[in-house]
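Summary of structural features
Spelled out, the chains give:
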Amino acid sequence: MCGIVGYIGEKNAQEIIIGGLSKLEYRGYDSAGIAVLTKDGLAYEKAKGRLAVLEERLEGKPLTGSVGIGHTRWATHGKPSDENAHPHTDAHAKFAVVHNGIIENFLAIKEELIAKGYTFVSETDTEVIAHLLADMYDGDIVSTAQRAVRRMRGAYALGIMTEHEPDKLVAVRLASPLIVGVGDGESFIGSDIPALLEHTRDVYILNEGEMAVLTREGVELYNAETGERIEKELFHVDWDLVQAEKGGYDSFMLKEINEQPQAVRDTMGARIDPETKRVVLPELKMSDAELATYDRIYIVACGTSMHAGLVGKEVIEKLVRVPVEVAIASEFRYRDPIYTPNTLVIVISQSGETADTLAALREAKKSGVKVLAITNVVGSSVAREADEVLFTWAGPEVAVASTKAYTSQVVVLNLFALYLAQVKGTQTPEQIAEIVDQMLQLPAKIGEILKRTDALRSYAESIKEVNSLFFIGRSLDYAVSLEGSLKLKEISYIHSEAYAAGELKHGTLALIEDNVPVIALATQPDIYEKMISNIVEVKARGARVLGFALEGDEELIKTVDEVIHIPATLPFLTPLLTVIPLQLLAYYASTARGNDVDKPRNLAKSVTVE
Ligand code: M6R
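Residues numbered from 1 in each chain as written. Predicted model: local features only at pLDDT ≥ 70, side-chain atom pairs only at ≥ 80, totals over all residues. Heavy atoms only, no water.

A word on the overall build of the protein chain
Across its full length, the protein chain holds 20 helices and 27 strands. Along the first, second and third principal axes, the C-alpha atoms of the protein chain reach 80 × 55 × 45 Å. Relative to its full complement of 610 residues, the protein chain shows a buried share of 61%. For the protein chain, the exposed area adds up to about 23,000 Å²; of that, 49% sits on carbon and sulfur atoms. In the protein chain, the 62 positive side-chain charges and the 88 negative ones have mean positions that sit 3 Å from each other. (Helix = DSSP H or I, 4+ residues; strand = E, 2+ residues; numbered from the N terminus. Buried < 20%, exposed > 50% of the residue type's maximum accessible area, 1.4 Å probe, protein only. Areas by Shrake-Rupley, 256 points an atom, 1.4 Å probe, with all protein chains shown as cover. Lys, Arg positive; Asp, Glu negative; His and termini not counted. Charge placed at Lys NZ, Arg CZ, Asp CG, Glu CD.)

This is the structure:
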């Protein structure tokens, strides 16, 4: 995830900014850059690769000045490269911008600027901001930035400076996190607290839609939309550096679970046109005509990514009526899959480096089949080798247990299904618009679930000594059960199995006896009654059942011991909500057992060996 640092004061800006960026390295990045107001004007340097590469370039020709902005980039629009690294400037290098997040309508603004004669040197959405500021500049960077922000749609955070007004920095937060630090005769911008901790512990945590104007004398806050002044209290940080890297959470996993509203929002980002309520996938190189020819799909992945694929299968089959087979990559690569001329292979990998998934991709390509990758890492092997790529914009995932990558993968699969349905005409524009509306509500609904953790915490406490438990569900609830069970196993080390509820009586029911914990998902209206019958079967054998139901369901509690309610949405979007409490449950069970949540035993984040 991109990192932003800004400084205005009396000290050496380059030193402070590079130091701050090094504290944001944990967020992951592929290039870095810095701009400083020197005595000769605005100067900048940027480089693909680690911060050390940038530092090497600055050796011998430092940027000397006391005002500057810096950035570590985690590529979204455009590959990792010197040109795509931030800061971006206008053609005359009078304005410099660093940016975290996505400008959803950048293409429209870019076209407008190109028509006015502006030329672009990068593939990024960020560069439009620098040109837009130059184009709109009215002698006051604050009002110019306010007007520019009104033109830009998306979820982003910005650091802005201009040679025309050397005693000011502007920071804007629209969804992507940003903080502003206040020191003695100096002020700071940072994406996260660790970047500033060495210099100040007094910060303003900007809320969505807030803008800060930084000078040496202090910080003024505004509503970015209306320009009205805002007063807010300084937050005094008493965390140490390690706590700060985790955003004050106890672990990266908990931080990443809580980042899901943002990850889902960013991943939908520019791919939903809010006016037409249709899905746009400008990243796809293949034509709609070609896409429409595919009538058979394999989804190939490992672990959690494979579980996302199981949800994707149901959604694609429902919306597009194209058969989808989900395969475990380590099996698929040694199979002799039956490819028809119109088969598409979709590989899913958070890291983009999983050995089995990569091998499956290569096998498919060798057979002449087109491969579409869904991955979280720009520049990864999977991203480079696939014919087509749809990125999840979840930001780097540090914890071994995958959480925000899963939800983002499911979002991409939903978007892909909708796009395919548009192209093949299997859903009407009205049906697509209704689904899009519901998808846009998901981040807020995930946010609601994240606030209600008490019941999950106490349930986790109650299972911390058990040897084994069962997850049951049908259709999409079964797909989510598999993910809930994997999460619990991998970080709590409690044995668990996920079963298709209707399959229990074909063997596994023999394991149900007094007090065996069963987690039953009953969120799918079509098979709700069947699910209740399966719950009755386990209850009759003495199981202690925690049920998951949709809000408004007053029935389930009559059959189970406890119920967790989740907000209602369209049935095939429900997995994106149901999975959240299951992730939290695994997390609380793991901490209740005193485990290292972020680094479970025997496991690695990226499995690059077979
Ligand atoms: O990076 P990938 O998505 O290809 O990784 C695949 C699996 O190793 C991964 O999803 C694993 O199952 C998770 N750590 C589980 O939380």
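Points about the nonpolar core
Soluble globular proteins tend to bury their nonpolar side chains together. Ile-297, Phe-416 and Ile-519 are the most contacted members of the largest nonpolar core, which totals 119 residues. With 12 residues, the single largest contributor to this core is helix 14 (residues 404-424). Apart from the residues lying within four places of it in its own chain, the contact partners of Ile-519 are Tyr-459, Leu-469, Phe-470, Phe-471, Ile-472, Leu-546, Phe-548, Leu-582 and Leu-585. Ranked by size, the runner-up nonpolar core spans 28 residues in total, among them Val-128, Leu-132, Met-136 and Met-211. (Core = buried A, V, L, I, M, F, W, Y, C linked by side-chain atoms within 4.5 Å. Contact = heavy atoms within 4.5 Å.)

Let's talk about helix 5 (residues 141-151)
Most of helix 5 is tucked away, with 8 of its 11 residues classed as buried. By the burial criterion, the buried members of helix 5 are Ile-141, Val-142, Ser-143, Thr-144, Ala-145, Gln-146, Ala-148 and Val-149. Next to the buried residues of helix 5 lie strand 6 (95-103), helix 4 (127-136), strand 7 (154-162), strand 8 (169-174), strand 12 (210-214) and strand 13 (219-223). Capping of helix 5 at its N-terminal end is provided by Asp-140; its side-chain oxygen lies 3.0 Å from the backbone amide nitrogen of Val-142. (Polar contact = N/O pair within 3.5 Å; in protein donor to acceptor, adjacent residues only side chain to side chain.)

Examining the pattern of salt bridges
Tallied over the full model, the rule gives 37 salt bridges. The residue Arg-335 makes a salt bridge to Glu-325 at a minimum N-O spacing of 2.9 Å. You can see Arg-335 sitting in the loop between helix 11 (329-332) and strand 20 (343-349) and its partner Glu-325 sitting in strand 19 (residues 324-328), a full 10 residues away along the chain. Look at Arg-335 and you get partly exposed, because its relative accessible area is 37%. One salt bridge in this structure joins Glu-363 and Lys-366, with 3.5 Å as the shortest N-O distance. Taken together, the residues span about one helical turn, with Glu-363 and Lys-366 both in helix 12 (residues 355-366) at a distance of 3 residues. (Salt bridge = Lys/Arg side-chain N within 4 Å of Asp/Glu carboxyl O.)

Notes on the site of the ligand
Looking at the ligand, there are 14 residues lining it, with Ser-305, Ser-349, Gln-350, Thr-354 and Glu-490 nearest. Between the ligand and Thr-304 there is a distance of 3.1 Å, counted from an oxygen atom to a backbone nitrogen or oxygen. A total of 410 Å² of accessible area belongs to the ligand in isolation, and the protein chains cover 91% of it. Secondary structure elements with two or more residues in the shell around the ligand: helix 10 (303-320) and helix 18 (476-492). Per-class residue counts for the shell around the ligand are 4 nonpolar, 8 polar and 2 charged. Looking at the shell around the ligand, you find at least three residues from each of domain 2 (255-440) and domain 3 (448-592). (Near = heavy atom within 4 Å. Nonpolar A, V, L, I, M, F, W, Y, C, P; charged D, E, K, R; others polar. Domains from an automatic or database assignment.)

Structural notes on the sheet that holds strand 15 (residues 235-236)
Pairing is antiparallel in the open sheet, where 8 strands are placed in the order 3-2-4-1-10-9-11-15. The open sheet has two free edges, formed respectively by strand 3 (41-48) and strand 15, since each of these has just one partner strand. Sheet strands in contact with helix 2 (residues 51-58) are strand 2 (31-38), strand 3 and strand 4 (67-73), and its direction is about 135° off that of strand 3. (Pairing = 2+ DSSP bridges. Axes fitted to C-alpha atoms, helices over the stretch in contact; angles between N-to-C directions.)

Some words on the domain arrangement of the protein chain
If you check the domain split of the protein chain, you get domain 1 (3-245), domain 2 (255-440) and domain 3 (448-592). Computed from C-alpha coordinates alone, the two centres of domain 1 and domain 3 are separated by 45 Å.

Points about the packing of helix 14 against helix 20 (residues 575-592)
Put simply, helix 14 and helix 20 touch, their axes get as near as 10 Å, and they point 175° apart. Considering the angle they form, helix 14 stands roughly antiparallel to helix 20. Residues Tyr-406, Thr-407, Val-410, Val-411 and Asn-414 of helix 14 pack against Leu-576, Val-579 and Ile-580 of helix 20. Considering only residue class, the contact of helix 14 with helix 20 consists of 6 nonpolar, 2 polar and no charged. (Parallel < 35°, antiparallel > 145°, perpendicular 65-115°, else oblique.)

So, unusual backbone geometry
Here the bond from His-86 into Pro-87 is cis, since omega is 0°, no more than 30 degrees from zero. Here Pro-87 lies in the loop between strand 4 and strand 5 (88-89). A positive phi angle, close to 50°, is found at Ala-93, a residue other than glycine. Inspection of the secondary structure assignment puts Ala-93 in the loop between strand 5 and strand 6. Not every positive phi belongs to a glycine, and Lys-277 is a case in point at roughly 55°. If you trace the backbone, Lys-277 turns up in the loop between strand 16 (272-273) and strand 17 (278-279).

Considering the sheet that holds strand 25 (residues 517-521)
Taken in spatial order, the 5 strands make up an open sheet running 24-23-25-26-27, and their pairing is parallel. On the outer flanks of this sheet lie strand 24 (495-500) and strand 27 (562-566), each paired with one strand and no other. Pairwise comparison of adjacent strand axes, ignoring direction, gives a mean angle of 20° for this sheet. Of the strand pairs in this sheet, strand 25 and strand 26 (residues 544-550) are connected by 5 bridges, and their pairing is parallel. Note on strand 26: the bridge partner recorded for Pro-517 is Arg-544. Sitting on the sheet, helix 17 (residues 454-463) is in contact with strand 23 (468-473), strand 25, strand 26 and strand 27, with an inclination near 155° to strand 26. Each of strand 23, strand 25 and strand 26 touches helix 19 (residues 528-540); the most contacted strand, strand 25, lies at about 175° to it.

Considering the side chain of Gln-422
Inspection of the secondary structure assignment puts Gln-422 in helix 14. Note on Gln-422: relative accessible area 14%, which makes it buried.

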